[in-house]
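Here is how the chains run, residue by residue.
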Amino acid sequence: MTDERISRIDTLWTLVRQAHGNVTLDARSAQQQIIDRYGGAAKRYLLAALRDEHAADEVFQEFALRFLRGDFHRATPQRGRFRNFLKTVLYHLVCDHQNSRKRSPNSVADLEALQPVSPAEAGALDEQFTKSWRDDLLARTWSALEAEEQESGKPHHTVLRFRSEHPDLRSPELAEQLSRKMGKPISAGNLRVLLHRSRERFADLLLDDIAQSLHAPTFDELEQEVADLRLMDY
């Protein structure tokens, strides 16, 4: 992936700006896209933090309410990665809930007072958020690869998923079982080529998704985000 290609990817911050614009269909659509895209990671983080499904759902609803009413309109890429901003907001909501304060900041000053939590403060919660974010990235990438296969007919998802589910099978055995599964013969040699292309396509889709959460990232910045999320193996 080159810097030129990265520069053509629409970033999440574009959606954030649309989501906090005037109340239009575009704004509502952007809001829903962000909630749908990152709601999974947020919910898993809240459940791990609160260890109570009802409490986690209550705090998530509070987050969604604040987002939809525009409380985070001053969030900008200049203040850091969207991933870190979201983690900070959720962390403070968890603290508020645990302290039974449940305050609802209505002023810009309250929102601007949110500072990134330190490793000492976040501890295990920080790691849980990163894991939730990473799990969502991988789940979306698998879904994107499957959708692409349905459209193009190239069996990248089928082959790669089958390999991931049978990591100990040697190429001839894998080719034989895949041949039965797909209803057409695949040689071990052809399978190795197909696996290579499938892995490359998975990696491309994963990088595209990661790049969307950054603001005009360079290749080096994208590589650093991949390393921070411990996704280099992919």
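Heads up: the structure comes first, above all this text.
Residues numbered from 1 in each chain as written. Predicted model: local features only at pLDDT ≥ 70, side-chain atom pairs only at ≥ 80, totals over all residues. Heavy atoms only, no water.

Chemist: Any chance you could explain the packing of aromatic side chains here in plain terms?
Modeler: Two descriptors summarise a pair of aromatic rings, namely the distance from one centre to the other and the angle between the planes of the rings. Inspection of the entire model under this criterion finds five aromatic pairs. Seen in terms of ring centroids, Y45 and F129 are 5.3 Å apart; in terms of plane orientation they differ by 85°. Their pairing is edge-to-face. Of this pair, Y45 sits in helix 3 (residues 25-50) while F129 sits in helix 8 (residues 124-152); the two residues are 84 residues apart in sequence, bridging distant segments of the chain. Taking relative accessible area as the criterion, F129 reaches 0% and is therefore assigned buried. A connected cluster of aromatic rings, assembled from ring pairs, spans Y45, F129 and W133. Lying over the aromatic face of W142, R161 brings its terminal NZ or CZ to 3.9 Å of the ring centre. (Phe/Tyr/Trp six-rings, centres within 6.5 Å; stacked < 30°, edge-to-face > 60°. Helix = DSSP H or I, 4+ residues; strand = E, 2+ residues; numbered from the N terminus. Buried < 20%, exposed > 50% of the residue type's maximum accessible area, 1.4 Å probe, protein only. Lys NZ or Arg CZ within 6 Å of the ring centre and 35° of its normal.)

Chemist: Would you mind going over unusual backbone geometry with me for this structure?
Modeler: Excluding glycine, residues mostly have negative phi values, and the peptide bonds linking residues are mostly trans. For R51, which is not glycine, the phi torsion reads 55° and is therefore positive. Looking at where R51 falls in the secondary structure, it is placed in the loop between helix 3 and helix 4 (53-68). A positive phi angle is found at R230, which is not glycine, with a value near 55°. Locating R230 in the fold gives a position in the segment after helix 12 (219-228). Of the residues examined, R230 reaches a relative accessible area of 46% and is grouped as partly exposed.

Chemist: Would you mind showing me how to read the side chain of K87 here?
Modeler: Within the secondary structure, K87 sits in helix 5 (residues 82-98). Residue class for K87 comes out buried when judged on its relative accessible area of 12%. Apart from the residues lying within four places of it in its own chain, the contact partners of K87 are Y45, D126 and F129. (Contact = heavy atoms within 4.5 Å.)

Chemist: Help me understand the packing of helix 5 against helix 8 in this model?
Modeler: Relative orientation and spacing of two packed helices are given, respectively, by the angle between their axes and the distance between those axes. Orientation of helix 5 relative to helix 8, taken along the N-to-C sense of each, is 130°, at an axis distance of 11 Å. Comparing the axis directions of helix 5 and helix 8 gives the class oblique. Helix 5 and helix 8 meet at a crossing whose hand is right-handed. For the pair helix 5 and helix 8, contact is made by F82, R83, L86, K87, L90 and Y91 and by L125, D126, F129, T130 and W133, respectively. Each residue belonging to the contact of helix 5 with helix 8 can be placed in one class, and the counts come to seven nonpolar, one polar and three charged. (Axes fitted to C-alpha atoms, helices over the stretch in contact; angles between N-to-C directions. Parallel < 35°, antiparallel > 145°, perpendicular 65-115°, else oblique. Left-handed = near helix turned anticlockwise from the far one by under 90°. Nonpolar A, V, L, I, M, F, W, Y, C, P; charged D, E, K, R; others polar.)

Chemist: Explanation requested: the pattern of salt bridges in the structure shown.
Modeler: One side chain can pair with another of opposite charge once the charged atoms of both are near each other. Counted under the stated rule, the structure contains nine salt bridges. Connected through shared salt-bridge partners, R44, D136, R140 and D209 make up one network. (Salt bridge = Lys/Arg side-chain N within 4 Å of Asp/Glu carboxyl O.)

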